[in-house]
Amino acid sequence: MKFKFTLSLAAFALAGHAAAQTKWDLPAAYPASNFHSENLVQFANDVDKATGGKLKITVHPNASLFKAPEIKRAVQGGQAQIGEILLVNFQNEWQIFGADGIPFLADSYDAAAKLWRAQKPLIDKKLGEQGMMVLYAVAWPPQGIYTKKQISGAADMKGLKWRAYSPATARIAELVGAQPVTVQAAELSQAMATGVVDSYMSSGSTGWDTKTYEHIKNWYDTQAWLPKNAVIVNRAAFNALDKPTQDALLKAAADAERRGWEMSKKTNTEVLEKLKANGMTIHTPSPQLKADMKKVGDTMLKEWLEKAGPEGKQLVDAYQKM
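Residues numbered from 1 in each chain as written. Predicted model: local features only at pLDDT ≥ 70, side-chain atom pairs only at ≥ 80, totals over all residues. Heavy atoms only, no water.

All right, on to the sheet that holds strand β4 (residues 132–139) then. Across the sheet, which stays open at both edges, the three strands sit in the order β3-β10-β4 with antiparallel pairing between neighbours. One side of each edge strand has no neighbouring strand; the edge strands of this open sheet are β3 (82–86) and β4. Pairwise comparison of adjacent strand axes, ignoring direction, gives a mean angle of 25° for this sheet. Sitting on the sheet, helix α9 (residues 243–277) touches β4 and β10 (228–234), and the angle it makes with β4 is about 25°. (Pairing = 2+ DSSP bridges. Helix = DSSP H or I, 4+ residues; strand = E, 2+ residues; numbered from the N terminus. Axes fitted to C-alpha atoms, helices over the stretch in contact; angles between N-to-C directions. Contact = heavy atoms within 4.5 Å.)

Next up, the structure:
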């Protein structure tokens with residue numbers, strides 16, 4: 001009888017340990033080798049260590065669990081407890097999500113960090129209304145233009161088959177006379193290989209991840225904007241954690257944000273050298289191209305402010321006062 005009682009106590013202890021461990025899935029849209037994905041894995045490891053294994057987060061990179069546009073809804077609906085999204089992907093839902101995709105509004109890391117400080121309170125409120133919260137955000141390197149042919153101004157971009165991944169990138173195509181084709185990051189390599197697209201606007205990091213140099217040989221360093229990936233969490237899932245686990249998660253998120261911005265800066269320098277080594281020519285934009293793209297940016301800011309209304313004006317005013 002004593003032996004049975006001891007066994008049942010041990011079984012109860014094991015069951016209690018199993019119940020105490022929480023497992024979360026974190027879908028992400030970019031390759032495992034991308035710095036955002038590497039940062040996510042480090043974040044998950046930090047959470048595991050800080051909670052003594054009580055919260056285990058499994059990162060699913062390269063759109064292997066959900067495609068990029070599906071991740072936000074998956075987190076909101078609880079199919080995934082946590083996920084990484086590209087904010088500009090959701091501009092059609094709410095204009096403030098697309099603030100960091102407006103060309104030349106914030107065109108450096110310092111400016112992008114200021115924009116995030118202005119943007120975050122509004123995003124916290126919106127996600128809160130949707131049953132979610134943002135843990136952290138990290139900027140991509142500055143965006144430039146990839147083209148098969150050399151260009152000296154917007155007139156040379158007319159008719160290009162232009163990869164669009166957000167409302168803003170589609171609008172740029174329209175303004176310069178290119179043909180927008182919606183292609184998410186995971187499908188970009190195939191789209192270039194099959195001739196579906198012959199140009200797009202993105203960072204050096206995306207160019208390296210997708211081996212763009214195998215298909216396109218020119219990149220124009222326009223430093224147009226620095227879009228951000230944000231890691232969001234289902235609020236009910238967060239609330240279900242005990243206070244020490246919540247605190248550990250928030251601390252790991254703050255560390256991931258600081259580390260991620262530094263990784264972005266380092267990646268930007270490294271990938272441009274790698275692209276050059278693989279036959280890509282890195283161009284400084286001509287004065288004409290700069291002027292043309294600035295005009296595109298001015299038009300898009302005006303359009304965005306009209307759509308975003310008072311919230312948009314509040315955001316831009318707060319950002320410009322920083």
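On to helix α10 (residues 287–321), then. The end-to-end C-alpha distance of α10, which contains 35 residues, comes to just 29 Å, noticeably less than the 51 Å that a straight helix rising 1.5 Å per residue would cover. Along α10, the largest kink reaches about 125° and is centred on Gly 309; proline Pro 310 follows within four residues of it. Regarding α10, the residues found buried are Leu 289, Asp 292, Met 293, Val 296, Gly 297, Met 300, Trp 304, Ala 308, Gly 312, Leu 315, Val 316 and Tyr 319. (Expected span 1.5 Å × (residues − 1). Bend = angle between axes of the 7 residues up to and from the residue. Buried < 20%, exposed > 50% of the residue type's maximum accessible area, 1.4 Å probe, protein only.)

A few words on empty space enclosed by the protein. Considering all chains together, one arrives at four cavities of 30 Å³ or more under this definition. Within this model, the largest cavity holds a volume of roughly 100 Å³. Lining the largest cavity are Tyr 30, Leu 86, Trp 140, Gln 143, Arg 163, Tyr 165, Ala 185, Ser 202, Thr 206 and Pro 227. Along the lines of polarity and charge, the residues of the lining of the largest cavity split into six nonpolar, three polar and one charged. (1 Å grid on protein atoms, 1.4 Å probe; cavity = no way out; pocket = protein on both sides within 12 Å on 5 of 7 lines; lining within 4 Å. Points joined across faces, edges and corners; volume = space filled by probe spheres on them. Nonpolar A, V, L, I, M, F, W, Y, C, P; charged D, E, K, R; others polar.)

Roughly 220 Å³ of internal volume is contained in the largest pocket. The wall of the largest pocket is formed by 13 residues, among which Ser 33, Phe 35, Glu 38, Thr 267 and Lys 274 lie closest to the centre. Those elements that place two or more of their residues in the lining of the largest pocket are α2 (35–50), α7 (204–209) and α9. Take the lining of the largest pocket: its biggest share by element is six residues, from α9.

On to the packing of helix α5 (residues 167–176) against α10. The interhelical angle for the contact between α5 and α10, taken along N-to-C directions, is 125°, at an axis separation of 10 Å. Considered as vectors, α5 and α10 are oriented oblique to each other. The chirality of how α5 crosses α10 is right-handed. Residues Ala 168, Arg 171, Ile 172, Leu 175 and Val 176 of α5 pack against Met 293, Val 296, Thr 299, Met 300 and Glu 303 of α10. (Parallel < 35°, antiparallel > 145°, perpendicular 65-115°, else oblique. Left-handed = near helix turned anticlockwise from the far one by under 90°.)

So, about unusual backbone geometry. Positive phi, close to 55°, is recorded for Lys 211, a residue that is not glycine. Note on placement: Lys 211 falls in the loop between α7 and β9 (218–220). For Lys 211, a relative accessible area of 43% gives the class partly exposed. The residue Gln 223 is not glycine, and still its phi comes out positive at about 50°. With respect to the helices and strands, Gln 223 occurs in the loop between β9 and β10.

What follows is about the sheet that holds strand β5 (residues 144–147). The strand order β7-β6-β8-β5-β9-β11 describes an open sheet built from six strands, whose pairing is mixed. Each having just a single partner strand, β7 (179–182) and β11 (281–283) make up the two edges of the open sheet. Mean inter-strand twist for the sheet, computed between neighbouring axes without regard to direction, equals 30°. Relative to β11, β9 is paired through three bridges, and the arrangement is parallel. In the sheet register, Trp 219 faces β11, and the bridge partner there is Ile 282. The strands that α5 touches are β6 (161–164), β7 and β8 (199–202); relative to β6, the one it contacts most, it runs at about 160°.

Below, the discussion takes up the side chain of Ser 203. Its location among the elements puts Ser 203 in the loop between β8 and α7. Judged by relative accessible area, which is 0%, Ser 203 ranks as buried. Filtering out sequence-adjacent residues up to four positions away, Ser 203 remains in contact with Trp 140, Pro 141, Pro 142, Gln 143, Tyr 146 and Trp 219.

With that settled, the discussion passes to the pattern of salt bridges. This model, assessed by the stated rule, comprises 18 salt bridges. Between Asp 242 and Lys 54 there is a salt bridge, and its shortest N-O distance comes to 2.4 Å. With a gap of 188 residues between them, Asp 242 in the loop between α8 (235–239) and α9 and Lys 54 in the loop between α2 and β2 (55–60) connect regions that are remote in the sequence. Here Asp 242 falls in the partly exposed class, since its relative accessible area comes to 31%. Judged by relative accessible area, Lys 54 falls into the partly exposed class, the value being 33%. (Salt bridge = Lys/Arg side-chain N within 4 Å of Asp/Glu carboxyl O.)

So far we have only geometry, and geometry alone does not tell us how the molecule works.
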